[in-house]
Every structure is written in structure tokens, then in C-alpha cells.
Amino acid sequence: MNNLGISTDPALLGVDLPSSLTTSPSVSTFMPEEDASICPLLPTTPSPPPMDFIHPLTPSTGIDEGNNEDLGGEFQGDDAQADSSSSGSSSGIGIQVTANGPGSLFNKHAYQHLGSKNGDITQDNGVTQTGVFSIPMTKDTPSFVNWNWPLIRKCTFFLFMSGLFAMCAIVVAMMFKLPKSCNPEVPWYKGAVFYEIFPASFQDSNGDGLGDLKGLASRIDYLESLGVGAVRLNSIFPAKHYPDHFQNVTTLLDIDEILGTPRDLTYLARILQRRNISLILDLPIYPLVKHLAVIRENFTEATNSTDTEDEEVFQDSDTSEDPVLTAMRFWLSMGVDGFYVKGLENYAGDPYLIENLQEWKFALGSDRILMVSKLVFDSVDDDTAEKVRHCVDLVDVFVDVSNGTKVIAEKVQSILNSRFLAPGFGPWIHWSLGGVTERRLAQGTSSNISLAATLMQLMLPGTPSIFYGDEVALQEVYDPLGEHEESKHLHHLSTMVWDSEIQFTVKEHLPWLPRGAFVAFHHFEHVAGMIRLRGISPSIYQNAVIKEHQSVLNTAVRYSKNDILILERWYPRRNTFTSISNFGSKSLVLDLSGMFYAGEIMLGSLKGEKVFFSSIQVKPMETIIVKLDK
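Residues numbered from 1 in each chain as written. Predicted model: local features only at pLDDT ≥ 70, side-chain atom pairs only at ≥ 80, totals over all residues. Heavy atoms only, no water.

With that settled, consider the packing of helix α15 (residues 448-457) against helix α16 (residues 523-536). Here α15 crosses α16 at 5°, and the two axes come no closer than 10 Å. Relative to α16, the element α15 is oriented roughly parallel. For the pair α15 and α16, contact is made by Asn448, Leu451, Thr454 and Leu455 and by His523, His526, Val527 and Met530, respectively. Class assignment of the residues belonging to the contact of α15 with α16 gives a composition of four nonpolar, four polar and no charged. (Axes fitted to C-alpha atoms, helices over the stretch in contact; angles between N-to-C directions. Helix = DSSP H or I, 4+ residues; strand = E, 2+ residues; numbered from the N terminus. Parallel < 35°, antiparallel > 145°, perpendicular 65-115°, else oblique. Contact = heavy atoms within 4.5 Å. Nonpolar A, V, L, I, M, F, W, Y, C, P; charged D, E, K, R; others polar.)

With that settled, consider the environment of arginine 263. Structurally, arginine 263 is set in helix α7 (residues 262-274). Sequence spacing of arginine 263 and leucine 213 is 50 residues, and the spatial spacing of their C-alpha atoms is 9.9 Å.

What follows deals with the side chain of threonine 384. By the element assignment, threonine 384 lies in helix α13 (residues 382-389). Under the relative-accessibility criterion, threonine 384 is labelled buried at 19%. Ignoring any residue separated from it by four or fewer positions in sequence, one finds threonine 384 in contact with Leu353 and Ile354. (Buried < 20%, exposed > 50% of the residue type's maximum accessible area, 1.4 Å probe, protein only.)

This brings us to the packing of helix α11 (residues 353-364) against α13. Look at α11 against α13: their axes get within 10 Å of each other, and the N-to-C directions meet at 5°. In this view, α11 runs roughly parallel relative to α13, as classed from their interaxial angle. Touching Leu353, Ile354 and Leu357 of α11 are Thr384, Lys387 and Val388, all from α13. Considered class by class, the residues forming the contact of α11 with α13 number four nonpolar, one polar and one charged.

This paragraph deals with the sheet that holds strand β19 (residues 598-601). The six strands are arranged β15-β16-β17-β22-β19-β20 in an open sheet whose pairing can be described as antiparallel. Both outer strands of the open sheet, β15 (555-561) and β20 (610-612), are each paired with one neighbouring strand and no more. In this sheet, adjacent strand axes meet at a mean angle of 30° when their direction is disregarded. Note: strand β17 (residues 577-582) against strand β22 (residues 622-628), six bridges, orientation antiparallel. By the bridge assignment for β22, serine 581 is matched with threonine 623. Its contacts with the sheet put α15 on β16 (564-569), β17 and β22, and the angle it makes with β22 is roughly 35°. (Pairing = 2+ DSSP bridges.)

Time to look at the confidence of the model for the protein. Segments scoring low in pLDDT should not have their predicted coordinates read at a detailed level. When the pLDDT values of the protein are averaged, the result is 81; 74% of them are 70 or greater. Of the regions scoring below 50 in pLDDT, residues 19-43 engages in 38 contacts with residues more than four places distant in sequence or in other chains. Considering only residues more than four positions removed or in separate chains, one finds that residues 60-119, a stretch of pLDDT under 50, has 97 contacts. (pLDDT = per-residue confidence, 0-100.)

Quick look at α15 now. Of all 10 residues making up α15, nine are buried, and the element is well covered by its neighbours. When we look at burial in α15, the residues that qualify are Ile449, Ser450, Leu451, Ala452, Ala453, Thr454, Leu455, Met456 and Gln457.

Moving on, we come to the pattern of salt bridges. Counted according to the given criterion, the structure contains 15 salt bridges. A salt bridge links lysine 361 to aspartate 393; its shortest N-O distance comes to 2.7 Å. Linking lysine 361 in helix α11 with aspartate 393 in the loop between α13 and β10 (394-398), this pair joins segments that are 32 residues apart in sequence. Accessibility classification places lysine 361 together with aspartate 393 in one group, the buried group. Salt bridges sharing partners connect three or more residues here, namely Glu196, Arg232, Asp282 and Lys342. (Salt bridge = Lys/Arg side-chain N within 4 Å of Asp/Glu carboxyl O.)

Here histidine 245 is to be found in the loop between β6 (230-233) and α7. We classify histidine 245 as partly exposed; its relative accessible area is 35%. For the pair formed by histidine 245 and serine 487, sequence separation is 242 residues and the distance between their alpha carbons is 9.9 Å. Excluding its chain neighbours within four sequence positions, the residues that come into contact with histidine 245 are Ala239 and Lys240.

Here the focus is α16. The end-to-end C-alpha distance of α16, which contains 14 residues, comes to 21 Å, matching closely the 20 Å that a straight helix rising 1.5 Å per residue would cover. Listing the buried residues of α16 in full gives His523, Phe524, Val527, Ala528, Gly529, Met530, Ile531, Leu533 and Arg534. Looking at the buried residues of α16, the elements they touch are α6 (220-226), α15, β12 (463-467), α17 (538-541), β17 and β22. (Expected span 1.5 Å × (residues − 1).)

Two faces belong to every sheet, and in a regular strand the side chains alternate between them. As paired elements, β15 and β16 share six bridges and run antiparallel to each other. Each bridged residue has a counterpart across the sheet, and for lysine 561 the counterpart in β16 is isoleucine 564. The turn joining β15 and β16, which pair antiparallel and follow one another in sequence, is formed by two residues; a positive phi near 55° is taken by asparagine 562.

Right, let's talk about the sheet that holds β12 for a bit. An order of β5-β6-β7-β8-β9-β10-β11-β12 is seen for the eight strands of this closed barrel, with the pairing classed as parallel. Across the sheet, the mean angle separating the axes of adjacent strands is 25° when strand polarity is ignored. The strands touched by α7 are β6 and β7 (278-284); relative to β7, the strand with the most contacts, the crossing angle is about 140°.

With that out of the way, let us pick up the packing of aromatic side chains. This model, assessed by the stated rule, comprises 16 aromatic pairs. A ring pair is formed by phenylalanine 198 and phenylalanine 246, whose centres lie 5.2 Å apart and whose planes are at 70°; its orientation type is edge-to-face. With phenylalanine 198 in the loop between β5 (194-197) and α5 (213-217) and phenylalanine 246 in the loop between β6 and α7, this residue pair connects regions lying 48 residues apart in the sequence. According to the relative accessible area criterion, phenylalanine 198 is buried, its value standing at 0%. In this structure an aromatic cluster arises from ring pairing among Tyr195, Phe202, Tyr222, Phe467, Tyr468, Trp498 and Phe524. Note that arginine 219 overlies the ring of tryptophan 498, its terminal NZ or CZ placed 3.9 Å from the centroid. Directly above the aromatic system of tyrosine 468 lies the positively charged group of arginine 440, at a separation of 4.5 Å from the ring centroid. (Phe/Tyr/Trp six-rings, centres within 6.5 Å; stacked < 30°, edge-to-face > 60°. Lys NZ or Arg CZ within 6 Å of the ring centre and 35° of its normal.)

Another aspect to go through is a nonpolar patch on the surface. A cluster of nonpolar side chains, contributed by Phe144, Trp147, Trp149 and Ile152, occupies part of the molecular surface with about 400 Å² of accessible area. Tracing the sequence through the fold places tryptophan 149 in helix α4 (residues 149-177). Among the residues examined, tryptophan 149 registers a relative accessible area of 35% and is labelled partly exposed. (Patch = residues over 30% accessible without salt bridge, like charges linked within 9 Å, V, L, I, M, F, W, Y side chains within 5 Å. Areas by Shrake-Rupley, 256 points an atom, 1.4 Å probe, with all protein chains shown as cover.)

So, about the environment of proline 262. With respect to the helices, strands and loops of the structure, proline 262 is situated in helix α7. On a C-alpha basis, the gap between proline 262 and leucine 213 in space is 9.7 Å, while along the polypeptide they are 49 residues apart. Ignoring sequence-local partners within four residues, the contact set of proline 262 consists of Asp254, Ile255, Trp331 and Met334.

To continue, consider unusual backbone geometry. Cis geometry is found at the peptide bond from tyrosine 242 to proline 243, where omega equals 5°. Locating proline 243 in the fold gives a position in the loop between β6 and α7. Residue proline 287 is bonded to the preceding tyrosine 286 through a cis peptide linkage, with omega at 5°. Tracing the sequence through the fold places proline 287 in the loop between β7 and α8 (299-303). For asparagine 276, which is not glycine, the phi dihedral falls at a positive 65°. Structurally, asparagine 276 is set in the loop between α7 and β7. Backbone geometry at alanine 473 places phi at a positive 60°, although glycine is not the residue there. Position of alanine 473 relative to the elements: it lies in the loop between β12 and α16.

This is how it looks when you write it as C-alpha cells:
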């Protein structure tokens, strides 16, 4: 220990040291019987490289341990025996163990890997040893020993990450596909907006000056952009001198040649249904059908009758099929989605009225509609009216807006409080402001009355119907010189005016009726916007609130004086809307703070603006739609 400056004199250390410990650092202190095999389970594995045991108090020799060959025989004699001994020590003296060779099993950072059948061993430091740690492969060796585990780990990780990303993508896609609102669903005809068309005045396709079914089909984009849910065609059947006398129908099983053929109707129904628009036909059964058919269910009752005349009537009626039912089945095969049976009120006293209605509805099924006029309910007794309401889906109600807001409010209120037509269970109301027998809304007053009335109508509970052209304030035929007096009864059926290069007919021909005097194309966006708002708002398209088999009105007429009509619509946990209509000729500033506080304007140039009802201005012939603050 001279290099450390410590004396090796035993007297100074105070202990008796063996001479071998003071002369050589490699003298083993282990007994021979303590030697053990390093790898008892692998007998073919050679012994590990020799190890040096250095006493902490032994002076440094200054010679590199890797160059033991330079030490000569002085150190190789005793060290050879020490190197074969076990690495354990029972002397209690600190021992530094140095393992010679890169493959030492005592190096905690050196890991052995099974190699291939040739016995090669690859260490983590990149050194390959051949024949040092070889395991013989036999038929009993598991096959997974030779698997490519690094590749398997990479593939497994890739599959795991791919599955994780796929699941995340599916969740994101489902979130985007979720509906933005959870509104209660209703059958397609409930709450939808119908569009009534007189085909001869809508669009001409062959240049003869008369509208036809092919021309109507060419305007499908217009109907879709307006947002209507159904197109209702009136007066398509053959008649003498059609369309001048369209009421004189000769058959219900064909289409007037001016309009086209049944194949054209099938094509029209198909393209409408592709745009999610249904097709409804008017069936004018009176006076074509003399009397309603006798249903076979009454055969026993009729044959048992002692009245010979009744028996003959039954036999005469039973020999031919029901003409109405035959017509319905024929047009259903063409793709029609329902019928408006016109003139049924003329059969109010027919004893087979209810049976015929039941038979017609059974033939239509639940997905197709049967509509009648409110005049049917007004023409029968209460017991019959109760039975009629169970057979029909829609009841057409005409509202005259030319007699002031008080009349409008009374009409609406009477329907809402009706015993048979009240909103809730039973048939829905089909609201009409115009038609083939009524004057144009915009005739005789400002064209804005058409827009104001249409927006008010779209706030009513039920299924509103727009007569073609009213969405753009189409007026009646312009005939200042009286050159078309012979067709004056048809002037409200003026030809449609289009805001495009394609007009009603070609320039070389004149339309069968002159065009109207005025049209307001900018009204279209207001009406289309209101239809869209109605379609997404249960407060407007629902006609009642159904709770525990009870119906509660969700409509109120809040005011109907001084040319002002105020309607309110609501639905549980949904927005509440109100419409303020001014059918007068003067602009008014109203204080409605007793009814409402504030809201947001939903249509028009002021759309999105905040409005306070303490001072709200309503222009003449205007309807304002407001979503109330909660």
C-alpha cells in the first residue's frame, strides 16, 4: 500500500493478517468445496471468465488488469485457483469483482438472447457470440421460439393504434350525424305546406299556350326551393271545353289531352317523390256520381228488406263497382299519395256515406290521405260528424281575409274550439286562403296583403295550403279594355309569371289567359323562409300539445282589433313565436308590453334584430314574425 501512503505493518493495523493477503491481491479466501457451477441448468455452457478479487487495502500495482500476461508467473499461480472460485465471500471485507469478457453473467447490464439453431447469442451491446449459449432445438421445442417477436410487437402496436383511430373516427362521424334538434315527429301531411296548382295556368311545355303536366314537371326546382311538402292538382280530368269549363268532368279515369296522359302523371309523381314532395289529386265526384255505392257489408240487411224498391236499388248499385273507389285505385297505381273528394257535402243525406268513407280510407291505407271540405261537417248531424272525423285525415277550411281581422279571428277561434275539428286527436285542418273558386288575395288592394296574409296563415296550427302565385302576389288577369269578358269567371286563374328567361309559354304564342297586372318576386324569399322556420319549429307545425291522452291547445289569438291580428304559438321546452299582422292601410306603433317583453325578428330585412314590445312599429299590410325571449 505504498502508493496510498498506508503502512502494511501488522503491528500498525492491530490485526494478524495472513501473509498471502499482504503479498497478493488475488489470493482466494474461499474453501475449495465452495466452488459451484455458474449455470447448473445448462451443462454445455462453459465457465465464466476468471475474476479478480482485489483487497481494498492492497496497494495498487499500477498494471492494467487486462494485461495479466505481463505479470509473469508470480501472480498466475495462486490467481488461477482464485479465479475458479465462487464470487461470494464470507470474510466481511469489501471486495471488488471484475468480470473479464463481454459475456459475463455477473454483469447486470449484459442480457442474453436466444439465437437461432446455430447457437449464436446476440447481446444488447451488439456483440455476437457463437456457440457460447446454444440451446439445441428438438421436436418438443415450442414453435413460438423461432417467431419474429420484434416484428410481431410492431404489427400489434400498429393494429392497436389503427383500431383506436378508427373508433375515434366513428365517434366523430356519429357526432356530426346527430340531428341538431330533437323535435317530435308527425306524419308527412301533418304540419307540411301544400301547394295547390291549376295545371293549365302553371307552365306550358309544347307551345300551345296552355299549361300541362310536363311543363309542371320542369318547375320541380321551384317547388323544392319554396319548401312545400305536397303538390295538389285540381281539375286534371277530361271536360267539355277544357279549361274554360273544367268543372264539367266526364270521367275520373283519364286526363284531359291538353294536360297530357296518365304516363305523364306517373312521371310527375315519381320526380316529385324524389324531392320528398307528395302528389294529391282533387276528385270532383259531384255531379258525375249520382249516388254513393252500396257497400257489400250491407248485403244481408238489404236482401232481408221487404221493400222491393230498396232491393232493386241495391241490385242496381251492386252490379257495378264503386266509381270513386275504382278511380282511387287507378290513380294510386300511378303514384298518387292522396285525394281531396270534392262535392261530398252533396251526399250528406246518403245512408251509405260513412260506409263509403270507411271503404275509401281502407283502400288508401295509413300513408295516403283522404281530405274533405268542412262543408261536410256543416251538412250532417253530430252523430254522423263524429263518424266522419274518424275516416278522414284533413279537413279543408277556407278563411276569407278580406273582411277584417275580427272575422279572421272568429273563424280561427271557432275551429280551435270545434267539437269535431279541435286540434289534437282526429283530422288536421287544411287552411286555404285561395282556390279555383276564390278571388286572388292581391286583387283590389296592395300586393303586400298577399304576403301578410300568407305569413299569418303559416302561423296557424295544421296544414296550410298556398294557391299557386300567392307566394309572389300574383294578380288576376289584366284586362283594362274588357277584351276577355267571356272568360271573366276564370280571371283569377291567370297564368303564372316566372322570374327567368323561360316564361309561361314560348314567345310565338299567347297564353290562354292574359298575365296578371303585377307580381312581387321578392316575396318568394319571405314565404320560403317562413316555411323553413315552420318546418323546424314544433311550436308552429304542431297543432296541439298531447299529454297523457289529452290535447292542450298551443295556439292563442291574443288580439284582433283595429286591423291588428296577433297570434301566439308555443310548445313545451321549445321557442315561443308570435305574429303581428297589420291588415290596415296605416302604419302603427304598438305598445304590447302587457303581452310580451322582447324578442328577435325572424324574417325580412330586419331579421336577427332585437325588438322590444313597448314600442313596436308595424307597417300597413305587413306581418312580423318574432321569436320571444325566454
